[in-house]
Every structure is written in C-alpha cells, then in structure tokens.
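Survey of secondary and tertiary structure
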Amino acid sequence: MSKTAKIQKDRVQSVGRFFAWFTAIICVTPIVLVFAVATTEVWQAGPWAGGFTMKWMVRGWQIISPYAWYSVKLALLTLFLNYIIGIPTSWVLARHRFPGRNVLIALTNIPIAVPGIAMGLALIITYPLLRRSGFLLAAGHLLYTLPFFIGALTPQLADPSVQDVESVAATLGANFYKRVVHVIYPKVKTSLLAATILVITLSMGEFNVSFFLFTAQNKTLPVELYSAYITGRIEVAGAITLCFLFFVVPAAIILERLGGVKVGQA
Amino acid sequence: MSISAEAASLTYDKILFTYLGEKKPAIKDVHIDVSPGELVVFVGPSGCGKSTLLRIAAGLLFPERGRLLIDKKDMLKNPPEKRRIGWVPQSYALFEHLNVIENVEFGLKMEKAPKEKRDIEVERMLKLCRIEDIKNRSVRNLSGGQRQRVAMARALAISPRVLLLDEPLAALDPQLRIAIREDLQQMLTESGVTTLFVTHDQSEALALADKVVVLRNGIVEQIGSPEYLWNNPINDFVAEFLTNAITTDAKALDEDRAEILPGLVCSLNKKVKPGQAIRLALRKDDFTLSSDGVEAVITYCEYNGGVHHMKAETKDKRIIPISSNEDVALGTSVRVKVKDKVRITVIGE
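Remember, predicted model here, so these are calculated numbers, not experimental data.

1. Comments concerning the overall build of chain B
- Secondary structure summary: chain B contains 9 helices and 19 strands in total.
- The buried share of chain B, reckoned over its 349 residues, is 53%.
- Pairs at least 24 apart in sequence give 65% of the contacts found in chain B among residues at least 6 apart.
- Positive and negative charge centroids in chain B, built from 50 and 49 side chains respectively, lie 4 Å apart.

2. Looking at the overall build of chain A
- Of the regular secondary structure elements, chain A holds 10 helices and 0 strands.
- In chain A, the order of α-helices and β-strands from amino to carboxyl end is α-α-α-α-α-α-α-α-α-α.
- Rg of the C-alpha trace for chain A: 23 Å, well past the compact-globule value of 18 Å for 266 residues, more than 25% over.
- Oriented by its inertia axes, the alpha-carbon framework of chain A measures out at about 75 × 70 × 35 Å.
- Expressed as a percentage of the 266 residues in chain A, the buried residues total 42%.
- Sequence-distant contacts in chain A: of pairs separated by 6 or more residues, those separated by 24 or more amount to 71%.
- Summed over its atoms, the accessible surface of chain A is roughly 14400 Å², and 71% of this surface lies on carbon and sulfur atoms.

3. Section: the pairing of strand 7 (residues 162-166) of chain B
Residues and elements named next belong to chain B.
- Most of strand 7 sits inside the fold, with 5 of its 5 residues counted as buried.
- Of the two faces of strand 7, both are covered, the one formed by V162, L164 and D166 as well as the one formed by L163 and L165.
- Pairing of strand 6 (residues 85-88) with strand 7, which is carried by 4 bridges, proceeds in the parallel orientation. Paired with W87 across the strands is L164, a residue of strand 7.

4. Considerations on the interface of chain B and chain A
- Each side of the interface is counted separately: chain B has 22 residues, and chain A has 19 residues.
- For the chain B and chain A pair, buried surface summed over both sides reaches about 1700 Å², with 68% attributable to carbon and sulfur atoms.
- Contact with chain A buries area across many residues of chain B, yet E81, W87 and M110 of chain B alone supply 33% of it, more than any other trio.
- In this assembly, chain B and chain A are joined by 2 salt bridges.
- At the junction of chain B and chain A, the tally comes to 5 residue pairs in polar contact (both at pLDDT 80 or more).
- Where the side of chain B that touches chain A is concerned, the elements lending two or more residues are helix 1 (50-58), strand 6, helix 3 (106-110) and helix 5 (144-156) of chain B.
- Considering every element that reaches the side of chain B that touches chain A, the biggest residue donor is helix 3 of chain B, with 3 residues.

5. So, the pairing of strand 3 (residues 39-43) of chain B
All names here are of chain B.
- Extensive coverage of strand 3 is indicated by the burial of 5 of its 5 residues.
- Both faces of strand 3 are covered, namely the face carrying L39, V41 and V43 and the face carrying V40 and F42.
- Sheet topology places strand 3 next to strand 8 (residues 194-199); 5 bridges connect them, and they run parallel. Residue pairing in the sheet places F42 in a bridge with V198 of strand 8.

6. A closer look at the confidence of the model for chain B
- Of all residues in chain B, 99% attain a pLDDT of 70 or more, and the chain-wide mean is 91.
- Scoring the predicted complex yields pTM 0.80 and, for the interface, ipTM 0.85.

7. Considerations on the domain arrangement of chain B
Residues and elements named next belong to chain B.
- Examined at the domain level, chain B breaks down into domain 1 (10-239) and domain 2 (245-346).
- Look at where the C-alpha atoms of domain 1 and domain 2 centre, and you get two points 38 Å apart.
- Taken together, the contact between domain 1 and domain 2 spans 6 residues of the former and 9 residues of the latter.
- Summing both sides of the interface, domain 1 and domain 2 together bury roughly 600 Å²; the carbon and sulfur share of this comes to 41%.
- In this assembly, domain 1 and domain 2 are joined by 1 salt bridge.
- Between R279 and D236 there is a salt bridge whose closest N-O contact spans 2.4 Å.
- Across the domain 1-domain 2 interface, the total number found is 6 residue pairs in polar contact (both at pLDDT 80 or more).
- Secondary structure elements with two or more residues in the side of domain 1 that touches domain 2: helix 8 (226-231) and helix 9 (236-243).

8. Remarks on unusual backbone geometry
All names here are of chain B.
- Despite not being glycine, D29 has its phi angle at roughly 45°, a positive value.
- As for its placement among the helices and strands, D29 is situated in strand 2 (residues 27-34).
- Even without being a glycine, K317 presents a positive backbone phi close to 70°.
- Position of K317 relative to the elements: it lies in the loop between strand 16 (308-314) and strand 17 (319-324).

9. Observations concerning the packing of helix 2 (residues 55-95) of chain A against helix 7 (residues 176-205) of chain A
Residue and element names in this part refer to chain A.
- Where helix 2 meets helix 7, the axes come as close as 10 Å, and the angle between the chain directions of the two elements is 140°. With respect to each other, helix 2 and helix 7 are oriented oblique. Where helix 2 crosses over helix 7, the two elements pack in a sense that is right-handed. The residues of helix 7 that touch helix 2, namely those facing S71, V72, L74, A75, L76, T78, L79, N82, Y83, I87 and W91, are F176, I184, L192, T196, V199, I200, S203 and M204.
- Its residues assigned to classes, the contact of helix 2 with helix 7 comprises 14 nonpolar, 5 polar and no charged.

10. Considering the packing of helix 5 of chain B against helix 6 (residues 174-191) of chain B
Residue and element names in this part refer to chain B.
- At their nearest, the axes of helix 5 and helix 6 sit 11 Å apart, and the two run at 15° to each other. Of the possible angle classes, the one that applies to helix 5 and helix 6 is roughly parallel. Considering the relative orientation of helix 5 and helix 6, their crossing is right-handed. Note on element contacts: helix 6 touches helix 5 through L176, I180, D183, L184, M187, L188 and S191, opposite G145, Q148, R149, M152 and L156.
- Here the contact of helix 5 with helix 6 is composed, by residue class, of 7 nonpolar, 3 polar and 2 charged.

11. Brief notes about the packing of aromatic side chains
Residues and elements named next belong to chain A.
- Under the defined criterion, the tally for this structure stands at 16 aromatic pairs over all chains.
- Seen in terms of ring centroids, F18 and F22 are 6.0 Å apart; in terms of plane orientation they differ by 15°. Their pairing is stacked. Pair noted here: F18 and F22 are both in helix 1 (residues 3-38), with a separation of 4 residues, about one helical turn.
- Under the relative-accessibility criterion, F18 is labelled exposed at 52%.
- Here F22 falls in the partly exposed class, since its relative accessible area comes to 43%.

The rules behind the values
Residues numbered from 1 in each chain as written. Chains lettered and ligands numbered in written order. Predicted model: local features only at pLDDT ≥ 70, side-chain atom pairs only at ≥ 80, totals over all residues. Heavy atoms only, no water. Helix = DSSP H or I, 4+ residues; strand = E, 2+ residues; numbered from the N terminus. Buried < 20%, exposed > 50% of the residue type's maximum accessible area, 1.4 Å probe, protein only. Contact = heavy atoms within 4.5 Å. Lys, Arg positive; Asp, Glu negative; His and termini not counted. Charge placed at Lys NZ, Arg CZ, Asp CG, Glu CD. Rg over C-alpha atoms; globule rule 2.2 N^0.38 Å. Areas by Shrake-Rupley, 256 points an atom, 1.4 Å probe, with all protein chains shown as cover. Pairing = 2+ DSSP bridges. Buried area = accessible area lost by both parts, 1.4 Å probe. Salt bridge = Lys/Arg side-chain N within 4 Å of Asp/Glu carboxyl O. Polar contact = N/O pair within 3.5 Å; in protein donor to acceptor, adjacent residues only side chain to side chain. pLDDT = per-residue confidence, 0-100. Domains from an automatic or database assignment. Axes fitted to C-alpha atoms, helices over the stretch in contact; angles between N-to-C directions. Parallel < 35°, antiparallel > 145°, perpendicular 65-115°, else oblique. Left-handed = near helix turned anticlockwise from the far one by under 90°. Nonpolar A, V, L, I, M, F, W, Y, C, P; charged D, E, K, R; others polar. Phe/Tyr/Trp six-rings, centres within 6.5 Å; stacked < 30°, edge-to-face > 60°.

Pasting the structure below:
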C-alpha cells in the first residue's frame, strides 16, 4: 500500500471512529440525563441539587407497577399469539412455493409500513365492541409484531442447511414430530429466541397502537409513561422512564447477543 | 463384512418430474434398472437431473408420473421415513448439536432399536468407516473427510435397502478426494448395499461404478459399464462428456480402418461398412508427435505430471488431442500421428 493510500485509509478510519463515538454519546446522554433527573431531589435547581435520592424511583415504581405487569402479561399474550400464527406461517412461506406466495409475503409486511396510529384507528372502527375486553389491544400488538417475528424465523427455516438436515432425518426414519424436536428446533432455536425477545421488546415498548386502543383497565407501560410526562413531576417521569428501561434494555442486549444481526437481515 | 443383507433392486419406471413454476420437466420418462448390491453412478453436467433422481428415490420429491420400484414394490406413496433409504447429501447435513456417536445412532434411535443393538451397530459402523478414534468428538470440529465418513456411517447404520450419495466427494480438496474415493469404494464393497452415486466428475464415475448412467437435460443418454461406455459411446455428448474426447467425422476405408483426414489413417475399435461416413472419438492418449505424421500447429499445451497434453490444429481446421513427453511451445508446427496399436473409438451403435 502506498503512503498516500495509507494516510487516506487512516483518515477514513478516524472519521468513522469519530462518528461511531458521536452516535454512541448521543444515544447514551439521554439515559444519563434521565438517571440524573430521577435521582435528584429538585431537578429545577440542577443535577443532584439537594442530594441524591431514590424516592422518585420508589414513587415512580408505585405508579407504574400495575401497568408494568399488565404490559408484561400483554407481551406474553402477544408472544403466544405470534407462536400460534407466526410459526406455521413462517413454515409455509419458507418451505412451500405456491401461487400467491409473494402476495402473502407482502401482506404479512403491511403492518410494518402502516403507521401505528392508522392501525389503531382501523381496529377501533372495525371491532369497536372488542376494545373494552383488551383483545383489541392484543390484536394490535400482534399485528405490529407478527411481521418481525415472521421476518426473523422464515430465513432460518428456509435455509438449505436446515432443509438438508431435516431431509436426512426423514430418510433416517424420523417422522415430522421427531424432526421438529430432534433436528429443526436445535437448528433454529437461536432465531426463535431472537424472534421471541424481539416480540417481547417491541410489545413492551409499543406506544402508537396502544395509545388508541387502551382503556382505563387496559393501560400499558408506555401509555402510562406518557401520562406521567403530561401530568406529573419531571422527576417522577424520569424515574418511570428509568423503570421502563430496566424492562426493555436487558432484553434488547440479549437480542443483540443472540441474533440481532440475523433479525436485522430478515 | 456384508452389513446390508437386504440390499434391494431399484427401478425408475418412466419417471416424469417437473419443478413447480418450471415449464420444462427436470426428468423426462427416465427408466433405469439397478440390481441388488450394484453401484450405479449418475453422471452429467449441472442441471441434468441427477440429484433430482436421488431426491425422488429418497421420497423428498414426488414425480407426476411413473413408478419407483424397490424390490418390485412401488414406493412413491411411502414418505421418506418409511422407505429405509440412506441419503448422504453434498453438504453431509450432519446434526451439529450432536457428537459423532449420536449422529451415527440417530436412525437407530428413531426406529427405537434397543440400546444393546444400537451400541453394536454403531461400533460396527464406526469401524467400517474408520472413525472409531473420533467417536466422542463434536462434528463441528471435524475435517471434510471425517465429516464425509460420519455421514456415511450414519446412513449405513440403518441397514438401508438403497444408499444415495449426492456428490459426496465434491466438498473435498482434490488430493483428499482421491484418497477418500478409494476408501469409499472399499466401504461400499464391504457394506454390499445397493448404491446410487451422483457426480459431475467423469473420472469418479469411471473409477467407482459398476454401471454408469449418463444424463443430459433430464434424459438418459446411455447406460452401461464404464468399459462399455468408454468403448461404445452412443453419441458425441457421451464421448465428449464421459471420455473427454474430441469428436470428428471420418470416412471408413474398409471394415477396420478409417481416414480422419488425408494422410491420417487409423484402426477402428469396431467393424464398419467400407465407405461409410462415421464419427470418431479422438482421445489424447491415441495420438503422438511423429516426423511421419500430418502437419498441424500446437494451439494448447499443459503439463500433466510427466506428460504434456496438447491440442493441435490441422490445415483443414480439425483439432487433434495429443499426449507426448516432449514440451512444445504454442504455435509450433508439428507432425501428428495415431500411436501404434491404438484403435480409435467409433461413436454410435
């Protein structure tokens, strides 16, 4: 490599490193700030003016804990529905070629393109009676998360190496159930886990659809977070945000470690 | 040691198969008979349908028409798990979450064989495929040759009636391929199992097969023993693909001799009608450089371990393959003749 080319490469790398750090700082700064707000006695007086306190965290948790558990339950229900609908759909899309397959793929991706507000409104207009039961909220979360679930699982199920091991297992006498348990599941479990965490993370953090579909009995964590910002003290809102991050960030980290790249590619 | 007491006969009877979305069939009315214990090699260029035929036998693809007879019983309605056919795909498709022993005993576990029987069979397979020393290793850390042996042992462990090998040597480097090929032949002979072997490498086909099936565009071009096909290619494609020959026109001078071009006369490997226009398969080992040959110019030359393989173009634009100990530069004018005692192969019935 010539000296000029090396200098140019070093320069490009330096600029790249600068932007990477810059982006990281932009992402981390709000979290640090929220921590400061949530642990300061009186934020208007400045960071930790009046000392460090955990009282806003306790207060925040008291406010949101019912909604947090509701969000967890809703996320688990959404996950269950994704398993019931998403796994067979992914299987069909991955393993079968049939007329209309591309149309079906496009249809499963529509919820990604449609704004959550529009989806929420459409659901209310179409199924107004279901709103109170909470099923509509679950349906909204399912619609929002299903494309991601299918997108994470389908490429893995379609992978020729997975199809080959399944075919070999069949020739070795394994019926469909045994193939799924002994061969397919071990091959796709990382993608399945990634899809699972993705659904839980997305459902826990979903706001747009939930904002239109929630009721007093069915309020999710992000909706309550919004209410806290509108109506409450900034310190409490900060504490609630921090609680919210405690739920979502670990899941996101696990997701990134286990299969984030694959999900991204899907 | 014959482990496959139940080696079966197999017949593809007028099989027609088209892939979904394709207009042209991948397999067109193919009829192939395989005797019990026979090693049949399917050879042909990419897309000729050889792997498709294996998948049909394994039950992984379903033809629109025809029958697949195993021991004279139609098996097309049986799913793969009910056929007892061992399949080794090109990728080997080892179960990466299991170790070598667990891979080999997988089929026996599926058929719920008792532990004692499983242990005995697995030991036999490990010995047959010479992988006893790696039996407790994870398959993730094995070399290409070891993976191939594990896949073979796994397929043979169920005592298959037919064994299907889809380019099992393709993933190996050339040096290892020849060594493994010898071992593979020994393993298959010892096992006694009826085997269908797919390859696009003609030297592999000729080296391994009891019977070779030459395929092109989903059609069987010719079936026969390697020697038979070598000496009696039915058409230019078989001569060129299977024997690396250059095909050319010639005129029969009498029953046993033909003139390839003025001054280049050869003996023939079968009787023809005098005066008849015939096609010949010219192979590099049939011709050599000689001062009393016909004039030609060297257009291609490669060194191949002690021998130079060349192509020379004559004045009337015919290409003659040559092997010689001499190293001749491209563009050199030479004289070419048929080697003594060589009989040139006549193409066709």
